[in-house]
Amino acid sequence: MPPSTTTDPDTALWRRFRATAEAEGLNLLRPVARDALSGPAADQLARWRPAYGHALLLGSGGPLFWERCRAAGFLQKDLADPLDAYTEGVVERLLAVLRGADPGALAAYPFPHGRQVLPFQALAGSLTDLQTMPFGIAVDGVYGPWFAWRAVVLSALNPPDAAPVTASSVCAACPCVAAC
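Being a predicted model, the structure only gives us computed values, none of them experimental.

Trainee: Give a description of the packing of aromatic side chains that names residues and reports values.
Mentor: The tally for this structure, following the rule as stated, stands at four aromatic pairs. Their ring planes at 70° and their centres at 5.3 Å tell us that F74 and Y86 sit as a pair that is edge-to-face. Taken together, the positions of F74 in the loop between α3 (64-71) and α4 (82-99) and Y86 in helix α4 put the pair 12 residues apart, joining distant regions of the chain. Here F147 and W149 contribute two aromatic rings whose centre-to-centre distance is 5.5 Å and whose plane-to-plane angle is 75°, an arrangement assigned as edge-to-face. When its relative accessible area of 14% is taken as the criterion, F147 is described as buried. Counting every residue linked through ring pairs, the aromatic cluster contains F65, F74 and Y86.

Laid out in structure tokens, this is it:
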């Protein structure tokens, strides 16, 4: 995320948050302003965290998340879903970074969890840097279809803006588009 209009302490906080996320394989961070959402997703988020200003989608693009999960030993453990367990552990560490400035920061996940599963497609639908292909797959400007949303963080803090990325260049030469 490039520098924004946040104050210096906020900028340092978000830099630390981003560095921690990226080190663990969560290399896609996309803020969604509260007023960009409507319908059931917006209502659900408002019930969980009434004071949130932004929903911050956290995702993994490319092989880094898988490599970090494997290196952390989660694939060798007897877990029902090692990627979900790894995700939750990483996101809880990220929340610890935020909670000094926003004690009420919380996360929701696209997998079964103590909180109700959130409609991530509705959240991602508000992003302008994703393109949905004719066959229904969302495409990231850098990773194409090889990414996944892993969590959403709700915070009263305003994250810096995401760097703009366009998906059209990724798909231009892809044989999938012509075949579809």
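Trainee: So what's going on with the layout of surface pockets? Which residues, and what values?
Mentor: Estimated volume of the largest pocket: approximately 330 Å³. Counting only elements with at least two residues in the lining of the largest pocket, the list comes to α5 (120-124), β4 (130-132) and β6 (147-155). Split into classes, the residues belonging to the lining of the largest pocket amount to eight nonpolar, four polar and no charged.

Trainee: Could you give an account of the confidence of the model for the chain, naming the residues involved and the relevant values?
Mentor: Of the residues in the chain, 76% reach a pLDDT of 70 or more, and the chain-wide mean stands at 78. Helix α6 (residues 168-171) is the least confidently modelled element of the chain, averaging 56 in pLDDT, while α3 averages 93, the highest of any element. Low pLDDT, under 50, characterises residues 1-7; the predicted model gives this stretch 16 contacts beyond four residues in sequence or across chains.

Trainee: Account for the sheet that holds strand β1 (residues 28-33), naming residues and giving values.
Mentor: Overall, antiparallel pairing links the four strands, which are arranged β1-β2-β6-β3 in an open sheet. With partners counted over all chains shown, the strands left at the sheet margins are β1 and β3 (106-108), one partner each. On average, each strand axis in the sheet is inclined to that of its neighbour by 25°, with strand direction left out of account. Relative to β6, strand β2 (residues 54-61) runs antiparallel, the two being bridged by eight bridges. Residue pairing across strands places G59 opposite W149, the latter belonging to β6. Against the sheet, α4 makes contact with β2, β3 and β6, and its axis sits at roughly 35° relative to β6, the strand it touches most.

Trainee: Break down the pattern of salt bridges for me, with residues and values.
Mentor: All chains considered together, the criterion is met by three salt bridges. Of the charged contacts, one joins R18 and E22 as a salt bridge, the two residues approaching to 2.8 Å between their closest N and O atoms. Placement of both R18 and E22 in helix α1 (residues 8-23) is noted, with a separation of four residues, approximately one turn of the helix. Assessed through its relative accessible area of 31%, E22 is described here as partly exposed. We note a salt bridge from R93 to E24, for which the minimum N-O separation is 3.5 Å. Of this pair, R93 sits in helix α4 while E24 sits in the loop between α1 and β1; the two residues are 69 residues apart in sequence, bridging distant segments of the chain.

Trainee: I'd like a rundown of the pairing of β2, residues and numbers included.
Mentor: Of all eight residues that make up β2, eight are buried, and the element is covered over most of its length. With burial as the criterion, each face of β2 is covered, one bearing H54, L56, L58 and S60 and the other bearing A55, L57, G59 and G61. In terms of strand pairing, β1 meets β2 through six bridges, oriented antiparallel. Of the residues in β2, the one forming a bridge with V32 is A55.

Trainee: Would you mind going over the environment of A148 in detail, with residue names and values included?
Mentor: Among the structural elements, A148 can be located in strand β6. Among the residues examined, A148 registers a relative accessible area of 23% and is labelled partly exposed. It is 9.9 Å that separates the C-alpha atoms of A148 and F65, two residues lying 83 residues apart in sequence. Beyond its immediate sequence surroundings of up to four residues, A148 is in contact with L58, G59 and S60.

The rules we used
- Residues numbered from 1 in each chain as written.
- Predicted model: local features only at pLDDT ≥ 70, side-chain atom pairs only at ≥ 80, totals over all residues.
- Heavy atoms only, no water.
- Phe/Tyr/Trp six-rings, centres within 6.5 Å; stacked < 30°, edge-to-face > 60°.
- Helix = DSSP H or I, 4+ residues; strand = E, 2+ residues; numbered from the N terminus.
- Buried < 20%, exposed > 50% of the residue type's maximum accessible area, 1.4 Å probe, protein only.
- 1 Å grid on protein atoms, 1.4 Å probe; cavity = no way out; pocket = protein on both sides within 12 Å on 5 of 7 lines; lining within 4 Å.
- Points joined across faces, edges and corners; volume = space filled by probe spheres on them.
- Nonpolar A, V, L, I, M, F, W, Y, C, P; charged D, E, K, R; others polar.
- pLDDT = per-residue confidence, 0-100.
- Contact = heavy atoms within 4.5 Å.
- Pairing = 2+ DSSP bridges.
- Axes fitted to C-alpha atoms, helices over the stretch in contact; angles between N-to-C directions.
- Salt bridge = Lys/Arg side-chain N within 4 Å of Asp/Glu carboxyl O.

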